[in-house]
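A look at the structure
Here's the letter readout for the chains.
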Amino acid sequence: MRAAGPSQGAKAPSGGGTAPAGASVGAACSALWRDGWYGFARREASPNFGPRPAGALTDLIVVHSISLPPGEFGGTQVQQLFCNRLDWTAHPYFRRIEGLQVSAHFYIRRGGELWQFVSCDERAWHAGPSFYRGRRDCNDDSVGIELEGLEGDVFEPAQYECLGSLCAAIAQHYPIAHIAGHEHIAPGRKGDPGAGFDWPMLQRCLGWDRSAFPD
Ligand SMILES: [Zn+2]
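Residues numbered from 1 in each chain as written. Predicted model: local features only at pLDDT ≥ 70, side-chain atom pairs only at ≥ 80, totals over all residues. Heavy atoms only, no water.

This next bit is on the overall build of the chain. Along its length, the chain carries 6 helices and 12 strands. Relative to its full complement of 215 residues, the chain shows a buried share of 50%. Partitioning the intrachain contacts of the chain with sequence separation of at least 6 by distance along the chain shows that 71% fall at a separation of at least 24. With an accessible surface of roughly 9,700 Å², the chain has 52% of that area assigned to carbon and sulfur atoms. (Helix = DSSP H or I, 4+ residues; strand = E, 2+ residues; numbered from the N terminus. Buried < 20%, exposed > 50% of the residue type's maximum accessible area, 1.4 Å probe, protein only. Contact = heavy atoms within 4.5 Å. Areas by Shrake-Rupley, 256 points an atom, 1.4 Å probe, with all protein chains shown as cover.)

Secondary-structure assignment places asparagine 48 in the loop between strand 3 (42-43) and strand 4 (49-51). By relative accessible area, which is 2% here, asparagine 48 ends up buried. Taking the C-alpha atoms as reference, asparagine 48 lies 5.8 Å from serine 103; in sequence the two are 55 residues apart. Residues in contact with asparagine 48, not counting those within four places in the same chain, are Leu81, Phe82, Asn84, Gln101, Val102, Ser103, Val118, Ala124 and Trp125. A distance of 2.7 Å separates a polar atom in the side chain of asparagine 48 from the backbone oxygen of valine 102. (Polar contact = N/O pair within 3.5 Å; in protein donor to acceptor, adjacent residues only side chain to side chain.)

Now for the coordination of the zinc ion. Here the zinc ion is held by the protein donor atoms His64 (ND1), His182 (ND1) and Asp192 (OD), which lie 2.0 to 2.2 Å from it. Between consecutive donors of the zinc ion, the numbers of intervening residues give the motif H-x117-H-x9-D. With histidine 182 in helix 5 (residues 182-185) and aspartate 192 in the loop between helix 5 and helix 6 (199-206), the pair connects residues that are 10 residues apart, well separated along the chain. Grouping residues by exposure puts histidine 182 and aspartate 192 together as buried. (Donors = N, O, S within 2.8 Å, 3.2 Å for Na, K, Ca; no water.)

In this section: the layout of surface pockets. When its volume is computed, the largest pocket comes out at roughly 550 Å³. Contributions of two or more residues to the lining of the largest pocket are made by strand 5 (60-66) and helix 2 (77-82). Among the elements that make up the lining of the largest pocket, the one with the highest residue count is strand 5 (3 residues). In the lining of the largest pocket, the residues fall into 12 nonpolar, 9 polar and 5 charged. (1 Å grid on protein atoms, 1.4 Å probe; cavity = no way out; pocket = protein on both sides within 12 Å on 5 of 7 lines; lining within 4 Å. Points joined across faces, edges and corners; volume = space filled by probe spheres on them. Nonpolar A, V, L, I, M, F, W, Y, C, P; charged D, E, K, R; others polar.)

Tallying each qualifying case throughout the model produces 13 aromatic pairs. Ring centres of tryptophan 33 and phenylalanine 106 lie 6.5 Å apart, and the angle between their planes is 80°; on these two criteria the pair is classed as edge-to-face. Note that tryptophan 33 is positioned in strand 1 (residues 33-34) and phenylalanine 106 in strand 6 (residues 106-108), a separation of 73 residues in sequence. In terms of burial, tryptophan 33 and phenylalanine 106 fall into one category: buried. Between phenylalanine 82 and phenylalanine 117, the ring centres sit 5.1 Å apart and the planes meet at 80°, which makes this aromatic pair edge-to-face. Residue phenylalanine 82 is found in helix 2, and its partner phenylalanine 117 is found in the loop between strand 7 (114-116) and strand 8 (122-124); the two are separated by 35 residues along the sequence. (Phe/Tyr/Trp six-rings, centres within 6.5 Å; stacked < 30°, edge-to-face > 60°.)

This part covers the nonpolar core. A general tendency of soluble globular proteins is for nonpolar side chains to be buried together. Core analysis: the biggest nonpolar cluster contains 33 residues, and Phe106 and Ile170 have the highest contact counts within it. Among the elements of the structure, strand 5, strand 6, strand 11 (142-148), helix 4 (157-173) and helix 6 are those that each provide at least two residues to this core. For this core, the leading source of residues is helix 4, giving 9 residues. With 17 residues, the next largest nonpolar core counts Phe82, Leu86, Trp88 and Phe94 among its residues. (Core = buried A, V, L, I, M, F, W, Y, C linked by side-chain atoms within 4.5 Å.)

By the definition in use, this model includes 1 cavity of 30 Å³ or more. Approximately 40 Å³ is the volume found for the largest cavity. Around the largest cavity sit Ser67, Leu68, Glu72, Phe73, Gly74, Gly75, Gln77, Val78, Tyr107, Arg109 and Glu148, which together line it. In the lining of the largest cavity, the residues fall into 4 nonpolar, 4 polar and 3 charged.

The quantities given are spatial measurements derived from coordinates; they are silent on function.
As structure tokens, this is what we get:
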């Protein structure tokens, strides 16, 4: 079992459950993940994914924000979008994104509830044209996490708690070396999660080295 996280300082997952007392780290990890699906997430499979390229090194976590319609929280429209079940006629904004086929691996609601749509072993469709740490097309080798929220606005403590636990768990299973926002991998084209996202708080929560975070 490799050490978790870019600095080996990541905490074990704490949100949503803990490993049985006395269980080895290896046993805890194998119980947490099954074929790229995280045991503490609600699962709703999206058809919007494909295989990662052969030899892809999944070393990046990409943080996003989303709400549908923008700024409205608590509905199920995001899940519907990621599963190609959104009624494009239900709101004027949906007409602007009609036909969009996207997904993310994970979605964290305002209260910290966690959903998973695509196995982390597969390539989800969240990044679009992108470039980071010297490599293009970040969908190939990243895990995408959407936070229910509005770009530029603040996020809830429960979301940071869930995000921190999730990132630590991902880093126990994949060779994560970097974490960045959509705005950092597609600057000028994307702005999420935006200025309201507290990167220093996430860094403190994870205990990862500063070099793993965006400049
Ligand atoms: Zn995004």
